[in-house]
Amino acid sequence: MTITERSFARRIDLTSLQLFVAVCETGSIGRAAEREFIAASAVSKRLSDLESGLGTALLYRHARGVDLTPAGQSLLHHARAVLFGLEQMQSELSEYADGVRGHVRVHASISAIVQFLPEDLGSFVRQYPSVKIDLQEQLSSDVVRAVREGAADLGICNASALAQGGEALQARPYRTDRLALIVPAAHALSALAAIKFEESLDEDHVGLHANSSIALAMHQAAARAGRAIRLRIRVTGLDAMCRMIDNGLGVGVMPLGAFESMRGGGRLRAVPLADDWAARQISLIARDFDTLPLTARSLVEHLRA
């Protein structure tokens, strides 16, 4: 850290940052003071000192409350990240005090969670019972963002998502899967051994979140065919997709392995997609695998094994 960076760090007071965020979230100094149980004059003084220390105005003050200046908007983004990091640090350190000897933050796509991670993480924690794994389900693009911004130590997602801002991240192969078209057992397409996605475009579709890797791949394939997807409904989970299809709302695309693990009563059929893009690489991603904490590196080695 340079002398200038150290000087800047000394001018930032964490309490003032907390009060600044409170003012931004409530829209006024008075409401922020009530929420934080502190006098409004003290909040105002803290904000003035913060602006003086940073050498720029952060708020437009008016009779109805406050608005953020461009500098204030930038500070709000960074202040939230700093405060979130402190909360995570407190949480992790308290776990060490309680006897937990390792903590790995993992963000993963729903496809990886449904198909692979229950067994793989289960065998890991049996081998390392003192390690806590904090697993969060995210869209693949959000997994990349979380790793890039430091909110996750390790990401598990579709490799294609790295093209969306993940160029500076490192990736290692984890698993592969293949997408399939899910149809009711009585549907005319259910008897096929495989199908091109374009052949399903005459059907109503039950789709996933618009920013999911599956939805993006489907729309790109439809565009290449000069067609549009007849989307009847969007759902947020694979189990909900199966229930919608089972009740006659259309057909849908999901990983074959996920379908096989959750199809239940067997009134649905999976027809593998014959398209090249339907074969997908699921990757482990990190900012730098070599600098991960020991417990995270152990998890990576276990998953790759």
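Residues numbered from 1 in each chain as written. Predicted model: local features only at pLDDT ≥ 70, side-chain atom pairs only at ≥ 80, totals over all residues. Heavy atoms only, no water.

J.: Summarise the overall build of the protein; cite the residues concerned and give the values.
T.: Looking only at helices and strands, one finds 12 helices and 11 strands in the protein. For the protein, whose C-alpha radius of gyration is 25 Å, the value lies well above the compact-globule estimate of 19 Å for 305 residues. Along the first, second and third principal axes, the C-alpha atoms of the protein reach 75 × 50 × 35 Å. Per-residue burial for the protein yields a buried fraction of 42% across its 305 residues. Long-range contacts, defined here as pairs at least 24 residues apart, represent 72% of the contacts in the protein between residues at least 6 apart. Carbon and sulfur atoms make up 51% of the accessible area of the protein, which amounts to about 16,000 Å² in all. (Helix = DSSP H or I, 4+ residues; strand = E, 2+ residues; numbered from the N terminus. Rg over C-alpha atoms; globule rule 2.2 N^0.38 Å. Buried < 20%, exposed > 50% of the residue type's maximum accessible area, 1.4 Å probe, protein only. Contact = heavy atoms within 4.5 Å. Areas by Shrake-Rupley, 256 points an atom, 1.4 Å probe, with all protein chains shown as cover.)

J.: Please provide a residue-by-residue account of a nonpolar patch on the surface, values included.
T.: A cluster of nonpolar side chains, namely Leu 14, Val 82, Leu 86 and Met 89, defines an oily patch on the protein surface of about 310 Å² accessible area. In terms of residue count, helix H5 (residues 70-97) provides more of the nonpolar patch than any other element does, three residues in total. Using a relative accessible area of 39% as the deciding quantity, one classes Val 82 as partly exposed. (Patch = residues over 30% accessible without salt bridge, like charges linked within 9 Å, V, L, I, M, F, W, Y side chains within 5 Å. Salt bridge = Lys/Arg side-chain N within 4 Å of Asp/Glu carboxyl O.)

J.: Would you mind going over the pattern of salt bridges in detail, with residue names and values included?
T.: One pass over the structure, following the stated rule, counts 14 salt bridges. One salt bridge connects Lys 45 with Asp 49, and the closest N-O pair in it is separated by 2.7 Å. Placement of both Lys 45 and Asp 49 in helix H4 (residues 40-54) is noted, with a separation of four residues, approximately one turn of the helix. Given a relative accessible area of 49%, Lys 45 falls into the partly exposed group. Asp 49 sits in the partly exposed class, given a relative accessible area of 40%. Between Arg 232 and Asp 204 there is a salt bridge whose closest N-O contact spans 3.0 Å. Highlighted residues: Arg 232 in strand S8 (residues 230-234) and Asp 204 in strand S7 (residues 204-207), separated in sequence by 28 residues.

J.: Account for unusual backbone geometry, with residues named and values stated.
T.: Phi at Phe 37 takes a positive value of approximately 55°, unusual for a residue other than glycine. Judged by relative accessible area, Phe 37 falls into the exposed class, the value being 79%.

J.: Lay out the nonpolar core in plain terms, naming residues and giving numbers.
T.: Counting 32 residues, the largest nonpolar core has Leu 181, Phe 197, Val 253, Leu 273 and Trp 277 as the members making the most contacts within it. Beyond its immediate sequence surroundings of up to four residues, Leu 273 is in contact with Arg 178, Leu 179, Ala 180, Leu 181, Ile 195, Phe 197, Val 253 and Ala 278. In terms of nonpolar packing, the next biggest core, distinct from the first, is built from 23 residues, Ala 108, Ile 133, Leu 284 and Leu 292 among them. (Core = buried A, V, L, I, M, F, W, Y, C linked by side-chain atoms within 4.5 Å.)

J.: With reference to specific residues and values, describe the packing of helix H7 (residues 117-127) against helix H12 (residues 294-304).
T.: Describing two packed helices takes the angle between their axes plus the distance from one axis to the other. Running from N to C, H7 and H12 cross one another at 130°; their axes reach a closest spacing of 10 Å. What the angle tells us is that H7 and H12 run oblique. In the packing of H7 onto H12, the handedness of the crossing is right-handed. Between H7 and H12, the contacting residues are Leu 117, Asp 120, Leu 121, Ser 123, Phe 124 and Gln 127 on the first element and Thr 295, Ser 298, Leu 299, His 302 and Leu 303 on the second. Residues of the contact of H7 with H12, tallied by class, amount to five nonpolar, five polar and one charged. (Axes fitted to C-alpha atoms, helices over the stretch in contact; angles between N-to-C directions. Parallel < 35°, antiparallel > 145°, perpendicular 65-115°, else oblique. Left-handed = near helix turned anticlockwise from the far one by under 90°. Nonpolar A, V, L, I, M, F, W, Y, C, P; charged D, E, K, R; others polar.)

J.: Describe the packing of aromatic side chains, and please don't skip the residues or the numbers.
T.: Under the criterion given, the structure shown has three aromatic pairs. Between Phe 124 and Tyr 128, the aromatic rings sit 4.8 Å apart at their centres with planes inclined by 35°, giving tilted as the arrangement. A residue is classified by how much of its surface remains accessible, and Tyr 128, at 31% relative accessible area, is partly exposed. Relative to Trp 277, the ring of Phe 197 has its centre 5.6 Å away and its plane inclined at 80°; by these criteria the two rings are edge-to-face. Of this pair, Phe 197 sits in the loop between strand S6 (170-184) and S7 while Trp 277 sits in the loop between strand S10 (268-272) and strand S11 (279-286), and the two are 80 residues apart along the sequence. As far as burial versus exposure is concerned, Phe 197 and Trp 277 are alike and both buried. (Phe/Tyr/Trp six-rings, centres within 6.5 Å; stacked < 30°, edge-to-face > 60°.)

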